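# Results of the structural survey
Residue-level listing of the chains:
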Amino acid sequence: MEQQILEVLKKLTAANNWQSYKISADFLCKKFNVKRNTVSHYLNILYKEGKAIKINSRPVIFWHKEILENNYHVKLETEYESIEALEKAIQLSSKETAFDKVIGSQQSLFNSIAKLKAAAGYPPIGLPVLLTGPTGSGKSFLAKTYYDYCVDSGFLGDKSKFVHFNCAEYADNPELLTSNLFGYKKGAFTGADKDKIGLFDEADGGMLFLDEIHRLDAKGQEKLFNYLDNGIITPLGETHHGHKVSVRLIFATTEDIKSHFLDTFIRRIPIQITIPKLNNRTPQEKENLIKLFYLRQAQTLNKNILLNSSILKLLIAADYPGNVGELENTILISVANALQKCKSADDNVNILLADMSINVLKQSINNPNLLTFNKQYIKISPTDTLATIIQRTETTSDEIKKYFLKIFSLYTHLSSCGQFIEQAITIINSLCDYLIFEKDNKNNVFSLELFKNVFKHEIDNMENTQQIQLNGNSALVLSYFYYNRQFSNWSLTTKENKTAQKITNYLEKSDSGIKRLSDQIMSTLEQSLSLNSDIVDKIFIQLYLKSIIKNTKNLDIRCLVLAHGYSTASSIANVVNNMQREHLIDSIDMPLDIGVQDIGHRVNNYIQNRNIHSGLILMVDMGSLEGIKD
């Protein structure tokens, strides 16, 4: 009965008009012709297991949790007070934030934005933030975006202020700097004929951005301690204890932290973020920044801009010591030069090689490939948005997305499910080869080694407890996939999501073990790394597991390879098993510093968890591994 109720929840929640299906105990007892208390019992079990969302209305209503999360790409609670509360949660979670619009939010700025989100959500008024990075890297832009995110997320009110103050303007006059920050009382100094509030009071209830904070001397930094420690400011000339304000602080500097700040000041700034140079950001980010700046010019001039794709490559390849600011000026110069050749009545501004700045041209002289022109032009109109331009002209693609769209298309066109699985596994294997051997794996919030360690540990547990044998390189493959998935969070269309749901439903029905293992892996990720997997991750794991799980219970003689190194033994076993198209050899990878007793313990665990009838062949590399025979 529980499974039947779950299937109804799935089916009705997956409908486009799911809100119209009020799935209550009364509704289900009529459908199945059973007692109401029986249905209520199973509904509550599904709710407690986290499979159903419970709405505390009259009557109490239930929907399938996972399907709603997959359809709307959100993380939901298991209980809401009303349907409206659930719909609001879906709407808020699905809403695009200010950070989502930042170029590089899923690439080189992923780590920085994750830290800013953590700082924003810390009660009661967030954590102080220090941005470091070279001039022109985008620190001021990111600070303002951080404020917009806080407003969008409800951490700050719509009418709260964003106050920007450059400390360099008053660096030579510490007293004037202090009075600007904290205000002063009448009579505090000559000419102070009335009370004046400072920037902290002005930003009360909002955010204060102190730029070039390194220009604050030691005494100036110390004057911030009282607010950082107690939330209290004291205006110049104040004879009492000062007063409390509620201000979120974000600082920025171009200088080295250790040489320009007191240790006691830095210890009070828990969130420290380094913004990368433009030259250290990905080519895709540089390309999108170039398109953004040309779009702004098109909107300013109210004219179309025609950009040759070869010039776009030229601009992407160029070096910009002045970072994003220099790139923006380079675009401005090219448009200004092109305008000189345009007639006022022309609707188009053609960007030619001759319009490029001298610095860009000099850098291209030694690379003739960059100076080869074609007839492909990118048209940027004043009415365009950056999203439409990127979608229309994208030159580098999301490889994970590309491979999965192939799988979705394959499922749609193949009538034979068996044939689909076989070809889908081939696509998954090609994706794995790309991620491991071709993809440049840099700039991410979690290190690849961390993913490797988590997956290695989890796969060892699964093999020991469930008597299954996975491909020795499984930890490596899953590590690379999840590592790169952080850069690949595209939103599925409604049609794609329905196809994905059909695929995973079929895979789960065809093999219940696949569902159990994939759920276990995704649960581990959520618990160990706080990463929420979606339906794309689930399909990858299920298809990959489908291709590599081998039942080894019927093998009488086992062969086990033991070798030092992260994946040496598993790679050897993998090559042999693939060549023979049959699982013949198992493997255990050993750290270089492992002791003989630990090796023996692992081998004993392997033997105890498998039915070995006629013997075990051990193949070892050298050194301490040979000692286990004793």
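Residues numbered from 1 in each chain as written. Predicted model: local features only at pLDDT ≥ 70, side-chain atom pairs only at ≥ 80, totals over all residues. Heavy atoms only, no water.

### Points about the overall build of the protein chain
- Check the secondary structure of the protein chain and you find 27 helices and 16 strands.
- Within the protein chain, buried positions represent 46% of all 630 residues.
- Looking at the protein chain alone, contacts between residues at least 24 apart form 73% of all its contacts between residues at least 6 apart.
- Counting every atom, the protein chain has about 31900 Å² of accessible surface; 50% of that belongs to carbon and sulfur. (Helix = DSSP H or I, 4+ residues; strand = E, 2+ residues; numbered from the N terminus. Buried < 20%, exposed > 50% of the residue type's maximum accessible area, 1.4 Å probe, protein only. Contact = heavy atoms within 4.5 Å. Areas by Shrake-Rupley, 256 points an atom, 1.4 Å probe, with all protein chains shown as cover.)

### Focus on the pattern of salt bridges
- One pass over the full model with this rule turns up 15 salt bridges.
- Measuring nitrogen to oxygen at the nearest pair gives 2.9 Å for the salt bridge that ties Arg268 to Asp229. Taken together, the residues Arg268 in the loop between helix 13 (263-266) and strand 10 (271-274) and Asp229 in helix 11 (residues 225-230) connect sequence positions 39 residues apart.
- With a shortest N-O distance of 2.4 Å, Lys341 and Asp355 are connected by a salt bridge. (Salt bridge = Lys/Arg side-chain N within 4 Å of Asp/Glu carboxyl O.)

### Re the packing of aromatic side chains
- Summed over the entire model, instances satisfying the criterion amount to 17 aromatic pairs.
- Each ring, one from Tyr147 and one from Phe162, has its centre 5.4 Å from the other, and the planes form 40 degrees; the classification is tilted. One end of the pair, Tyr147, is in helix 7 (residues 139-152); the other, Phe162, is in strand 5 (residues 162-166), and 15 residues separate them in sequence.
- Centre to centre, the rings of Phe261 and Phe265 are 5.7 Å apart; their planes meet at 15 degrees, and the pair counts as stacked.
- Using a relative accessible area of 6% as the deciding quantity, one classes Phe261 as buried.
- For Phe265, a relative accessible area of 0% puts it in the buried group. (Phe/Tyr/Trp six-rings, centres within 6.5 Å; stacked < 30°, edge-to-face > 60°.)

### Description of the sheet that holds strand 10
- Reading across the sheet, the five strands line up as 5-6-9-4-10 and stay open at both edges, with parallel pairing between neighbours. Only two strands of the sheet have a single partner each, and these edge strands are strand 5 and strand 10. Each neighbouring strand pair of the sheet contributes to a mean axis angle of 15 degrees, computed without reference to strand direction.
- Packing against the sheet, helix 6 (residues 110-121) makes contact with strand 4 (129-132), strand 9 (248-253) and strand 10, and its axis sits at approximately 160 degrees to strand 10. (Pairing = 2+ DSSP bridges. Axes fitted to C-alpha atoms, helices over the stretch in contact; angles between N-to-C directions.)

### Considering the sheet that holds strand 11 (residues 304-308)
- The three strands lie next to each other as 12-11-13, forming an open sheet whose pairing is mixed. With one partner strand each, in any of the chains shown, strand 12 (348-351) and strand 13 (377-380) form the two edges of the open sheet. Sheet twist, expressed as the mean angle between neighbouring strand axes with direction ignored, is 20 degrees.
- With four bridges connecting them, strand 11 and strand 13 associate as antiparallel partners. Following the sheet pairing, Leu306 is matched in strand 13 by Lys379.
- Strands in contact with helix 15 (residues 309-317) are strand 11, strand 12 and strand 13; relative to strand 11, the strand with the most contacts, it is inclined by about 75 degrees.

### Here we look at the packing of helix 1 (residues 2-13) against helix 3 (residues 36-48)
- As a packed pair, helix 1 and helix 3 sit with axes 10 Å apart at the nearest point and diverge in direction by 70 degrees. Comparing their axes, helix 3 and helix 1 come out roughly perpendicular. The interaxial crossing formed by helix 1 with helix 3 has right-handed handedness. For the pair helix 1 and helix 3, contact is made by Glu2, Ile5, Leu6 and Leu9 and by Val39, Tyr42, Leu43, Ile45 and Leu46, respectively.
- Looking at side-chain class alone, the contact of helix 1 with helix 3 contains eight nonpolar, no polar and one charged residues. (Parallel < 35°, antiparallel > 145°, perpendicular 65-115°, else oblique. Left-handed = near helix turned anticlockwise from the far one by under 90°. Nonpolar A, V, L, I, M, F, W, Y, C, P; charged D, E, K, R; others polar.)

### A look at empty space enclosed by the protein
- Per the counting criterion, the structure on display carries one cavity of 30 Å³ or more.
- For the largest cavity, the calculated volume is near 30 Å³.
- Tyr170, Ala171, Pro174, Leu177, Arg215, Leu216 and Asp217 are the residues that line the largest cavity.
- Here the lining of the largest cavity is composed, by residue class, of five nonpolar, no polar and two charged. (1 Å grid on protein atoms, 1.4 Å probe; cavity = no way out; pocket = protein on both sides within 12 Å on 5 of 7 lines; lining within 4 Å. Points joined across faces, edges and corners; volume = space filled by probe spheres on them.)

### Section: the environment of Asn44
- With respect to the element layout, Asn44 can be found in helix 3.
- Exposure remark for Asn44: the relative accessible area of 29% places this residue in the partly exposed category.
- Not counting residues up to four positions away in its chain, the partners in contact with Asn44 are Lys54 and Phe62.

### Focus: helix 19 (residues 399-413)
- Under the 1.5 Å per step criterion, the end-to-end length of helix 19 is 21 Å for 15 residues, consistent within 8% with the ideal 21 Å.
- Buried within helix 19 are the following residues: Glu399, Ile400, Tyr403, Phe404, Ile407, Phe408 and Leu410. (Expected span 1.5 Å × (residues − 1).)

### Looking at the side chain of Asp384
- Tracing the chain through its elements places Asp384 in the loop between strand 13 and helix 18 (386-393).
- Among the polar contacts listed, one links the side chain of Asp384 to the backbone nitrogen of Ser381, at a separation of 2.8 Å. (Polar contact = N/O pair within 3.5 Å; in protein donor to acceptor, adjacent residues only side chain to side chain.)

### With respect to unusual backbone geometry
- For the bond running from Arg58 to Pro59, omega is 0 degrees, close enough to zero to count as cis.
- Counting through the fold element by element, Pro59 comes out in the loop between strand 1 (52-55) and strand 2 (61-64).
- The peptide bond linking Pro123 to Pro124 adopts the cis configuration, its omega dihedral lying at 0 degrees.
- Take Pro124: it is sitting in the loop between helix 6 and strand 4.

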